[in-house]
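Per-entry structural report
What follows is the residue order along each chain.
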Amino acid sequence: MAGPVIDIRQGIGMTSARTRDRLVQRLRDQGIRNEAVLEQIRNVPRHLFVDEALASRAYEDTALPIGLGQTISQPYVVARMTEALLDGFQGEKVLEVGTGCGYQTAVLAPLVKQIYTVERIPELLRKTRQRLRDLDIYNVQFKPGDGWEGWRKYGPYDGIIVTAAPDEIPQKLLEQLAPGGRMIIPVGPQGVQDLVMITNRNDHYEQVSLGAVSFVPLVKDRS
Ligand code: SAH
C-alpha cells in the first residue's frame, strides 16, 4: 500500500509548478531572455517526452536517453536554439531536422505558423506524432526521411533548425533556406560541435558561432 502512495506524491512533486519555475529561473540565469520561449519551457510537459522511469529527472537541465540510441535535448540548448531562430524570424515556415521525441518541436510550435519536421527513425516518428497530437499541437507535418535532403516540397523555409550534428553543413539545407532566412545547426564531430547560426543574405551566407554543444550525429544513410 505504501509504495503507490509514495509514487503518486513523487509524481506530483516532479511535475509541480515549483519544479518548472526552478528550471525557467536557471535558464534565465544562463542568459535566455525571450519570454515567449521561457513560457514554453514552463508549459511543455517534458516528463511526457521521456520514459516513465526517467520522469523524475525531466525538469533537470540535462539531456536524457529516450531509447533507440537517441536522446531528448537539454532544455537550455532547446531554449537557446529557439531564441536564436526567432530573433531573426520574419516568416511562417520552419523546417526541423531530427524530430526525435518532439520536445524541440513542441516548444517551437506555438511560436511559428507551420513546422515541417524530418526524422530518419519511423518508429520514433510514429510515437512523436501521437504525442504531439495528444498535446493539441496541430501545425506540424512529419516525414520519415533523410535530413541531409531537407524537405524540398515545402521549401524554401524562413527558418531551419537542425537537432543532430552533421560534420559539414548540408548543401541541400542551405538551398532550402529562403532569402533573409535563418538556420540554426550544430556542426562537427561528436563531442566537439559548434552551434552555428547562418543567415541567407542573398549574395552570401552570414555565419555566427553560438558556442559549443553536444548532439548525436546527423547520420549519413547513403554509403
Ligand atoms: N529534437 C529532439 C532531439 C533529437 S536527437 C528533442 O527535442 O529532444 C536527434 C534526432 O535526429 C534523432 O531522433 C535521430 O534519429 C535523428 N537523425 C539522425 N540522423 C538523421 C538524419 N540523417 N535524418 C533525419 N533524422 C536524423
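Structural notes, computed from the coordinates. (Residues numbered from 1 in each chain as written. Predicted model: local features only at pLDDT ≥ 70, side-chain atom pairs only at ≥ 80, totals over all residues. Heavy atoms only, no water.)

1. Section: the side chain of Asn200
Its place among the elements puts Asn200 in strand S8 (residues 193-200). Among the polar contacts made by the side chain of Asn200, one reaches the main-chain amide nitrogen of Asn202 at a distance of 2.9 Å. (Helix = DSSP H or I, 4+ residues; strand = E, 2+ residues; numbered from the N terminus. Polar contact = N/O pair within 3.5 Å; in protein donor to acceptor, adjacent residues only side chain to side chain.)

2. Re the pattern of salt bridges
For the structure on display, the rule yields twelve salt bridges. Asp87 is the partner of Arg182 in a salt bridge, and the nearest nitrogen-oxygen pair spans 4.0 Å. Highlighted residues: Arg182 in strand S7 (residues 177-187) and Asp87 in helix H4 (residues 75-87), separated in sequence by 95 residues. Asp87 gets classed as exposed once you look at its relative accessible area, which sits at 64%. Between Arg152 and Glu175 there is a salt bridge, with its nearest N and O atoms 3.4 Å apart. (Salt bridge = Lys/Arg side-chain N within 4 Å of Asp/Glu carboxyl O. Buried < 20%, exposed > 50% of the residue type's maximum accessible area, 1.4 Å probe, protein only.)

3. Thoughts on the nonpolar core
Residues Ile41, Phe49, Ile72, Tyr103 and Leu108 are the most contacted members of the largest nonpolar core, which totals 47 residues. Sorting the residues of this core by element identifies helix H2 (17-29), helix H3 (35-43), strand S1 (64-67), H4, helix H5 (103-108), helix H6 (122-134), strand S5 (140-144) and S8 as the ones contributing at least two each. At seven residues, H4 tops the list of elements feeding residues into this core. When neighbours within four sequence positions are excluded, Phe49 is seen to be in contact with Val44, Ile66, Ile72, Cys101, Gly102, Tyr103, Ala106, Arg131, Leu132 and Leu135. Core analysis: the next-biggest nonpolar cluster, separate from the first, contains 20 residues, Val118, Trp148, Tyr157 and Ala164 among them. (Core = buried A, V, L, I, M, F, W, Y, C linked by side-chain atoms within 4.5 Å. Contact = heavy atoms within 4.5 Å.)

4. Overview of H2
Taking 1.5 Å of rise per residue, the 13 residues of H2 would be expected to cover 18 Å, and the 18 Å separating its terminal C-alpha atoms lies within 8% of that figure. Residues of H2 that are buried: Thr19, Arg20, Leu23, Val24 and Leu27. For H2, the angular spread of buried residues about the axis comes to 135 degrees, placing them on one side. Relative to its buried face, H2 has exposed residues pointing more than 90 degrees away, namely Ala17, Arg18, Arg22 and Asp29. In the segment just after H2, Gly31 is the residue with positive phi, at about 105 degrees. (Expected span 1.5 Å × (residues − 1). Arc of directions from axis to C-beta.)

5. Looking at the pairing of S1
As judged from the three bridges shared by S1 and strand S2 (residues 70-72), these two strands associate in the antiparallel manner. Looking at S2, one finds that Leu64 is bridged to Ile72. Counting the residues in the hairpin turn of S1 and S2 gives two residues, including Leu68, whose phi is positive at 55 degrees. (Pairing = 2+ DSSP bridges.)

That is the geometry; function is a separate question.
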